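Letter by letter, the chains look like this.
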Amino acid sequence: MADYIDKMANYEEIFWINPDFVPPAEEPQNTEKIVDIDDAEARLARFAPFIRRMFPEVEDGIIESPLTALKSNEDGRFFLKQDSHLPISGSIKARGGIYEVLKLAETLAVEAGLLHWNPDTGEHDDYAKLGDPEMKEFFSKYKVAVGSTGNLGLSIGIISAAIGFEVTVHMSADARQWKKDMLRSKGVTVVEYPDDYEAAVAQGRREAQADPTCHFVDDENSLDLFAGYSVAGRRLKKQLDALGVTVDEEHRMYVYLPCGVGGAPGGVAYGIRETFGEGVYCFFAEPTHAPCMALGLISGKLNSIAVGDIGIDGKTEADGLAVGRPSGLVAKAMQTRLSGCFTVDDAKLYPYLAGLKDSTGIFIEPSACAAFEGLKYICDGAFAPAPDEKSIHVIWATGGNMVPEEEKIAYYERGKK
Ligand SMILES: *Cc1c(COP(=O)(O)O)cnc(C)c1O
């Protein structure tokens, strides 16, 4: 353990295998479910007519991303899960962030008697009515606030504005200017902080707590966010089934997920494990300058340790991953469920970005590129069981489609140098 922490303190890359991983079959029978994935999936289905009404580009009202085959070799088949191209907000945050705000809208409207949904019988109104002007008027009495490095703010801002909530996004210094500009153009209040993400979240939380009409989306502790992300496991299974791809102990699946505070990759990893069971191995990718989840898990201190405690700065080009302290909820959940963590030097992100663009035409943002680094370790046999030609690899591309064209070109050119 000291070895890994020394390396992290020197900004060196690590690949760590979780010694406390418990295979699903060995999980104690009485292990409590963290969230109810069926409930979350059903809620998203109820909202499909509303999503279709407000965002006609989402034809079936289900916010989902393509699973794209990249290549095959003796290590198996490689897929890119393009959450970079999720509708509405172009990042993985369109899963958890949108889910939490929809759930809030449902709860408020049902309590006020403006929407009928009977959880016992499953009976409900057509949720498209939530887009009526009277409903927007009703929702405008309520506020939503969130602290974010950027993409969560985009998701929460866009969906809250569509529903009619008054929304404030507290953004850390790492957030890109275009993300702030885009939110302001949609009528979202953006408060900027000179400090890091943790400070932005703390301030947002304080302001929201002082106001009973304000709902704070708590990226560090929210079970609703986690539930929204967890539905991804079901969706991935449907996509693999449609391709005739089996996942089990014989046909293993390795999943590579970029990690910031941990909510998104944690929820997705949880949902994948619950959906597929045996034969699935999830790994988190973090920048060498902000390996908060690796540090929390390796030290065993979870969220009671931050990267600053080992003297590192938390500053990274991977803006979506610029987080110094992991979510306690997620760190705890991952202690026995995650297969491992690896860290990536920022300098590698842009060449990965340009390489993917050249080989497939697909653009993903620097944060999302961290996932690629995991292939090196797994395909070189650093982990057992090692992959073979029956395996599949899923590289979770967490964001990129909303990046303005000039920025895309600048990132690409940097990668070509
Ligand atoms: C938010 C984000 C992540 C990580 O999600 P966390 O919930 O912060 O761990 C990864 N990649 C991108 C592009 C993101 O926006």
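Before any of the text, the structure's been laid out above.
Residues numbered from 1 in each chain as written. Predicted model: local features only at pLDDT ≥ 70, side-chain atom pairs only at ≥ 80, totals over all residues. Heavy atoms only, no water.

Caption draft 1: Inspection of the pattern of salt bridges at higher detail. As enumerated under the stated definition, the model contains 35 salt bridges in all. One salt bridge connects lysine 238 with glutamate 41, and the closest N-O pair in it is separated by 3.8 Å. In this pair, lysine 238 sits in helix α10 (residues 232-242) while glutamate 41 sits in helix α2 (residues 37-46), placing the two residues 197 residues apart along the sequence. Among the residues examined, lysine 238 registers a relative accessible area of 54% and is labelled exposed. Here aspartate 241 makes a salt bridge to lysine 237, at a shortest N to O gap of 3.1 Å. Residue aspartate 241 and its partner lysine 237 are both found in helix α10; the two are separated by four residues, about one turn of the helix. (Salt bridge = Lys/Arg side-chain N within 4 Å of Asp/Glu carboxyl O. Helix = DSSP H or I, 4+ residues; strand = E, 2+ residues; numbered from the N terminus. Buried < 20%, exposed > 50% of the residue type's maximum accessible area, 1.4 Å probe, protein only.)

Caption draft 2: Summary view of the sheet that holds strand β1 (residues 15-17). Read across the open sheet, the seven strands follow the order β1-β10-β9-β8-β11-β3-β2; overall the sheet is mixed. With one partner strand each, in any of the chains shown, β1 and β2 (67-73) form the two edges of the open sheet. The average angle at which neighbouring strand axes cross in this sheet is 20°, direction not considered. As defined by bridge partners, β1 adjoins strand β10 (residues 340-344) across three bridges and the pair is classed as antiparallel. Directly across from phenylalanine 15, in β10, lies its bridge partner phenylalanine 342. (Pairing = 2+ DSSP bridges. Axes fitted to C-alpha atoms, helices over the stretch in contact; angles between N-to-C directions.)

Caption draft 3: Looking closely at the environment of lysine 7. Here lysine 7 is to be found in helix α1 (residues 2-9). Those residues in contact with lysine 7 that sit more than four places away from it in its chain are Glu12, Glu13 and Ile14. (Contact = heavy atoms within 4.5 Å.)

Caption draft 4: Local environment of the sheet that holds strand β6 (residues 189-192). If you walk across this open sheet you meet the four strands as β6-β5-β4-β7, and the pairing is parallel. Strands with a single pairing partner mark the edges of an open sheet, and in this sheet they are β6 and β7 (214-217). Taken pair by pair, the neighbouring strands of this sheet meet at an average axis angle of 20°, ignoring direction. Note: strand β5 (residues 166-171) against β6, four bridges, orientation parallel. Bridge pairing in β6 places methionine 171 opposite glutamate 192. Most of the contacts of helix α6 (residues 151-163) go to strand β4 (residues 143-148), to which it runs at about 165°, and overall it touches β4, β5 and β7.

Caption draft 5: The pairing of strand β11 (residues 392-397), seen in detail. Counting buried residues in β11 gives six out of six residues, a clear majority hidden from the surface. Burial of the side chains of β11 extends over both faces: Ile392, Val394 and Trp396 are buried on one face and His393, Ile395 and Ala397 on the other. In this structure, strand β3 (residues 76-82) lies alongside β11, joined through six bridges in parallel fashion. Note on β11: the bridge partner recorded for lysine 81 is tryptophan 396. Note: strand β8 (residues 253-258) against β11, four bridges, orientation parallel. Opposite valine 255, over in β11, you have valine 394 as the bridge partner.

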